[in-house]
Amino acid sequence: MELFVSEGNPHCLKVLAALEVTGVQCGVQFINHEGKVVPFLPRPALPTLFLPSGQHLFSSNSICRYLFELNGPESSNQCNQWLEWEATVLQPALVRALHMAVLQGKGSEVSKVLHGPLNVLDQSLAKGNMAYLTGEAVSVADVVLWGALHPLLSVSSLPLSDHKSVKAWFDRVAAMRGCQSAAQKVLQGKGLEAMKSYMQKQPAPQSSQCRDTQPCNSSPAETDEGERAVSEEEMEAAALTWSKDLNACSQATEKQHPIMPQEGNRNVLITSALPYVNNVPHLGNIIGCVLSADVFSRYGHLRGWNVLFVCGTDEYGTATENKAREEGLTPKQICDKYHAVHSSIYKWFQIDFDFFGRTTTEKQTEIAQDIFWRLHNNGFLVEDTVEQLRCENCQRFLADRFVEGTCPHCSYPEARGDQCDKCGRLINAVELREPQCKVCRQSPVIRSSKHLFLDLPKLETQLEQWLERSTSSGDWTANAKQITRSWLRDGLKPRCITRDLQWGTPVPHPDFKEKVFYVWFDAPIGYLSITANYTNEWEKWWKNPHQVELYNFMAKDNVPFHSVVFPCSLLGAQDNYTLVNHLVATEYLNYEDTKFSKSRGVGVFGDMAKDTGIPSDVWRFYLLYVRPEGQDSAFSWADMALKNNSELLNNLGNFINRGGMFVTKFFEGCVPAMELQQEDKKLLAVVGWELQQYIQLMDKVKIRDALKHILNISRHGNQYIQVNEPWKKIKGGESERQRAGTVTGVSVNIACLLSVMLLPYMPAVSQTIRDQLNAPQSCINTMLQGPGTFVCALRAGHRIGTVSPLFQKLEADQIEALKKRFGGQQITASTQPAAVPAPAAVAEVKVVVGSDPEKAKQLATAVAEQGDKVRALKSQKAEKDVIAAEVSKLLDLKKQLALAEGKNPEPAPQKGKKK
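Predicted, not measured: the structure shown is a model, and the values here were computed from it.

How each quantity is defined
- Residues numbered from 1 in each chain as written.
- Predicted model: local features only at pLDDT ≥ 70, side-chain atom pairs only at ≥ 80, totals over all residues.
- Heavy atoms only, no water.
- Helix = DSSP H or I, 4+ residues; strand = E, 2+ residues; numbered from the N terminus.
- Buried < 20%, exposed > 50% of the residue type's maximum accessible area, 1.4 Å probe, protein only.
- Areas by Shrake-Rupley, 256 points an atom, 1.4 Å probe, with all protein chains shown as cover.
- Core = buried A, V, L, I, M, F, W, Y, C linked by side-chain atoms within 4.5 Å.
- Contact = heavy atoms within 4.5 Å.
- Pairing = 2+ DSSP bridges.
- 1 Å grid on protein atoms, 1.4 Å probe; cavity = no way out; pocket = protein on both sides within 12 Å on 5 of 7 lines; lining within 4 Å.
- Points joined across faces, edges and corners; volume = space filled by probe spheres on them.
- Nonpolar A, V, L, I, M, F, W, Y, C, P; charged D, E, K, R; others polar.
- pLDDT = per-residue confidence, 0-100.
- Right-handed = clockwise from strand over helix to strand, strands pointing away.
- Axes fitted to C-alpha atoms, helices over the stretch in contact; angles between N-to-C directions.
- Parallel < 35°, antiparallel > 145°, perpendicular 65-115°, else oblique.
- Left-handed = near helix turned anticlockwise from the far one by under 90°.
- Arc of directions from axis to C-beta.
- Salt bridge = Lys/Arg side-chain N within 4 Å of Asp/Glu carboxyl O.

Comments concerning the overall build of the protein
Scanning the protein from N- to C-terminus turns up 31 helices and 20 strands. For the protein, buried positions account for 58% of its 915 residues. Total accessible area on the protein stands at roughly 37,500 Å², and carbon and sulfur atoms take up 49% of it.

Okay, here's the thing in structure tokens:
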């Protein structure tokens, strides 16, 4: 291995520190800033690590992570989140700060630029109460953040009196010999002065920078990458592609149902996690599952793949029974009601399912029971007797969420049936003292009940062999891999697949005829049964692993059921089932600085979005713009207005409208003749490169990152028009008029390309653009063939349609009214920054002295939601410090609830145990 670095380069400081701290054996070469190590990059890229395999790493954070993982464990999810925060939030601020301090002599103003990111870092360090960012041992995250901050924080003129936790952490890392050695080698003891030569060669930072506390809301397109160098060969290749005949390219075809796998084509089966029927989906549910899957499905059609996209409502289980009881309806009536609600919401959001079904069907019973018998006959089911609480008054066994009592460990009076939220200990419901049924408040009795379990330990070896193949060859998101590994780390345990309920798929075994399948076992089979309700030949999709690629879309809390439990069911069935090849999981989308809550009126839910007057395409755009791909992100009304007005109205819409208006105004509605000059060819090459990046990212399901390249293209286009000023040249001589025609013709053709790239994101806007340009239908598939094919779709003489503005400005008073309308009644919201690698913030509520029934109702809901969150984290085997932090929030909410109910917030003293 050989590491290439340069003096004065802050990114080289990070990698040298990582090399010194890890002790990895590697050669180091110091070269000039302009030294070109990676031959295929248009610009120099330092640092660069040359690997023994012949590959190059030229991302400083990737190099650091590689060095740490070479002889150590794989980076934790928390560590990876810090690295992303450093790259997306801290770096933009540091670029501005270094530019000011090194080149402008404004060192005194640096603290203002760094105040936000340092606040985030300080709060996280203080809250975690740990020596380092992820624990008591130094990690790659510590070295990367220290290396990034060292040039500025080591300057005595930058006070850290307001950030004491940062100062203690920074000094602790700086004291390491490896860090001291790296700083000396890169900065030569000259401090910021050593960086002057390097900084002078860097592009000036843009004025619009990322928001400090919400890294995932920052636009990927807002990062200034500088002007990309374009070679003569690239320009000529782009001009050659441009000149190709559109009619020779593939024609767009309409879907023919039922869609079936095709020999010789790429057959892609896409599923979106089945939304639970008794809840109205909020924006986080929509972006995490159905919208992301819809974008990829539409993109697959543009690529010429044979795509089938299925989804439906998950309708069985305890929650449905409870909802039916609350509303005085039967479970079937509840399912019918909310299935229609879901269908209506997704239709408004333009989710283009090939089939949207449900799990309460005969096909579901048939397929689930078949898989059950196969597991049973193959020896992968075991029986066991479980002691459960049964409410004789309600005539039902009580699920964990329907029982509470006194904790046997700390005597907390409101412990749930699976855990105590005060002491954090896990509990079996039968261990609770003085248990109560939450429905009728009667005392349940202990009864034994025989159940069936899926023998996961017996399937573990098969599962691990399959996972190795799938994760190495498919596109699994980092969080999907990490959550799956955490489940396997301690070994799998048998998992119960039956429940004592009425509403569910009946268990066909005669010894268990009074039971139904547990929803976690039953629900994923819904993908198969929904497909079976779409076509009787469903097995050609689901029992065809050699011909079909399966993509699962979901939020991260659903990962273990799709990566461990459901695959084990299908592996154990031994019936050649298609297993997931690509598991795509998002993090969580929060609402402003808190959580979505229907009961508290907090956040926008699917049935409310259409009443805002904002078009569904704008909702789609913004949700995809802040899609939580690498870490949690947040919906913000102010940010939505900003992105609509800047990116859609002033950037994208402005460019497309200008080109079309020039054709109408100056050329009588017909595309003028185009004579390409070098400047035009350069633009074609740049646009072609952006198109290639878009395709590469979309192929890897990097939906949010791909969006930046659409916006980059319209930015290039706006700059091209501004520099060439066709509105002035059209008034000049023949050559100037010709130049105005070329610029106008190239611009409307770029607009045509943008309409195709936008189609997966904003289908209605895409169609409107093509209608305004009167674009040929064949352009839809042509542009995204192969690595990207930017051809001249609108030739000279082509008559366009009527041009009109695509977007409207969102006014401040309109946004303020919407923010107030959807703000709910929550009192004080948690200020935990979304940038800190921890789960979503929870709404806190002011303590109220004395009984307050209304506030108690709000708090009871908050307690229930936080309790669900804690249980989810425990089931995912999250980091202990993360769980502890959420338990602490839960206990605080419990105390506030007790006060609101006029009770003593502390548990009664524990009595001595009876002998």
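Still more to cover.
Observations concerning the nonpolar core
Core analysis: the biggest nonpolar cluster contains 180 residues, and Ile 371, Leu 454, Trp 619, Trp 637, Tyr 694 and Tyr 761 have the highest contact counts within it. Of the residues forming this core, the biggest block, 12 residues, is contributed by helix 26 (residues 734–758). Ignoring anything within four residues of it in the chain, the contact list for Ile 371 reads Phe 521, Ile 525, Leu 528, Ser 569, Leu 570, Ala 573 and Tyr 577. By size, the runner-up hydrophobic cluster in this structure holds 70 residues, among which are Leu 94, Met 100, Ala 148 and Val 186.

A few points about the sheet that holds strand 12 (residues 433–437)
Through backbone hydrogen bonds, the strands of a sheet pair up, either in parallel or in antiparallel fashion. One open sheet accounts for three strands, arranged 11-10-12; its pairing is antiparallel. In this open sheet, the two strands that pair with only one neighbour each are strand 11 (415–416) and strand 12. Summarising the sheet, strand 10 (residues 403–406) and strand 11 pair through two bridges and their orientation is antiparallel. Paired with Glu 404 across the bridge in strand 11 is Arg 416.

Re empty space enclosed by the protein
Inspection of the entire model under this criterion finds four cavities of 30 Å³ or more. Surrounding the second largest cavity, Leu 550, Asn 552, His 562, Phe 566, Pro 567, Leu 570, Thr 578, Leu 579 and Val 580 form its lining. Of all the elements in the fold, those that place two or more residues in the lining of the second largest cavity are strand 17 (548–555) and helix 19 (559–573). At four residues, helix 19 tops the list of elements feeding residues into the lining of the second largest cavity. A per-class count over the lining of the second largest cavity returns six nonpolar, three polar and no charged.

Examining the confidence of the model for the protein
Looking at the protein as a whole, its pLDDT mean stands at 86, while 88% of the residues score no less than 70. Across residues 247–252 the pLDDT falls below 50, and counting only partners more than four positions away or on other chains, this stretch makes 11 contacts in the model. Scored below 50 in pLDDT, residues 825–850 shows 87 contacts in the model against residues more than four places distant or in partner chains.

Quick notes on the pairing of strand 2 (residues 27–30)
Summarising the sheet, strand 1 (residues 2–5) and strand 2 pair through four bridges and their orientation is parallel. In the sheet register, Glu 2 faces strand 2, and the bridge partner there is Gly 27. A crossover links strand 1 with its parallel partner strand 2, the connecting element being helix 1 (residues 10–22), and its sense is right-handed.

Concerning the environment of Leu 51
In this structure, Leu 51 sits in the loop between strand 3 (48–50) and strand 4 (56–57). The exposure class assigned to Leu 51 is buried, which follows from its relative accessible area of 8%. As for Leu 51 and Cys 26, which are separated by 25 residues in sequence, their C-alpha atoms are 9.8 Å apart.

Describing the pairing of strand 8 (residues 381–391)
Here strand 8 runs beside strand 13 (residues 445–454); their pairing, made up of 10 bridges, is antiparallel. Following the sheet pairing, Leu 389 is matched in strand 13 by Ile 446. Strand direction decides the pairing type here: strand 8 and strand 9 (residues 396–397), joined by two bridges, are antiparallel. Across the sheet, residue Cys 391 finds its bridge partner in strand 9, namely Arg 396. Taking the residues between adjacent antiparallel strands as the criterion, strand 8 and strand 9 are bridged by four residues, where Gln 395 takes a positive phi near 55 degrees.

Thoughts on the environment of Leu 145
Mapped onto the secondary structure, Leu 145 falls in helix 5 (residues 140–153). Residue Leu 145 is classed as buried on the basis of its relative accessible area, which comes to 0%. Considering only alpha carbons, one finds Leu 145 and Leu 90, 55 residues apart in sequence, at a separation of 8.6 Å. If near-sequence neighbours (up to four positions away) are discounted, Leu 145 is found in contact with Trp 82, Trp 85, Glu 86, Leu 90, Leu 121, Leu 133 and Trp 169.

A closer look at the packing of helix 3 (residues 77–103) against helix 4 (residues 110–128)
Axis separation between helix 3 and helix 4 bottoms out at 8 Å; the angle between their running directions is 155 degrees. One way to sum up the angle between helix 3 and helix 4 is to call them roughly antiparallel. Taken as a pair, helix 3 and helix 4 cross one another with a handedness that is left-handed. In this structure, helix 3 uses Trp 82, Trp 85, Leu 90, Ala 93, Leu 94, Arg 96, Ala 97, Met 100 and Ala 101 to contact helix 4, whose residues at the interface are Val 110, Val 113, Leu 114, Pro 117, Val 120, Leu 121 and Ser 124. Residue classes in the contact of helix 3 with helix 4 are distributed as 14 nonpolar, one polar and one charged.

Focus on the packing of helix 10 (residues 283–302) against helix 21 (residues 616–625)
Orientation of helix 10 relative to helix 21, taken along the N-to-C sense of each, is 100 degrees, at an axis distance of 10 Å. Between helix 10 and helix 21, the angle falls in the class roughly perpendicular. Between helix 10 and helix 21, the contacting residues are Leu 283, Ile 286, Ile 287, Leu 291, Asp 294, Val 295 and Arg 298 on the first element and Trp 619, Arg 620, Leu 623 and Leu 624 on the second. Looking at the contact of helix 10 with helix 21 residue by residue, the classes come out as eight nonpolar, no polar and three charged.

Re the environment of Gly 312
Mapped onto the fold, Gly 312 is located in strand 6 (residues 306–313). Residues Gly 312 and Gly 526 lie 214 residues apart in sequence; the distance between their C-alpha atoms is 7.9 Å.

Overview of the sheet that holds strand 5 (residues 267–272)
Read across the open sheet, the five strands follow the order 7-6-5-17-18; overall the sheet is parallel. Looking at which strands have only one partner, the edges of the open sheet turn out to be strand 7 (355–358) and strand 18 (582–586). Neighbouring strand axes in the sheet, compared pairwise and without regard to direction, differ in orientation by 20 degrees on average. One ladder, built from six bridges, connects strand 5 with strand 17; its direction is parallel. Note that in strand 17 the partner of Ser 272 across the bridge is Phe 553. Sitting on the sheet, helix 10 touches strand 5, strand 6, strand 17 and strand 18, and the angle it makes with strand 17 is about 150 degrees.

Some details on helix 2 (residues 60–70)
Of all the residues in helix 2, the buried ones are Ser 60, Asn 61, Ile 63, Cys 64, Leu 67 and Phe 68. Seen along its axis, helix 2 keeps its buried residues to an arc of 160 degrees; they face one direction. Buried residues along helix 2 sit against strand 1, helix 1, strand 3, strand 4, helix 3 and helix 5.

Some points on the pattern of salt bridges
Pairs may arise between side chains of opposite charge once their charged atoms sit close together. Under the counting rule described, the total for this entry stands at 36 salt bridges. Taking the shortest distance from any N to any O, the salt bridge between Arg 627 and Glu 629 comes out at 3.0 Å. Comparing Arg 627 with Glu 629 shows no difference in burial state: the two are buried. Within the structure, one salt-bridge network assembled from shared partners comprises Asp 370, Arg 374, Glu 539, Lys 543 and Asp 575.

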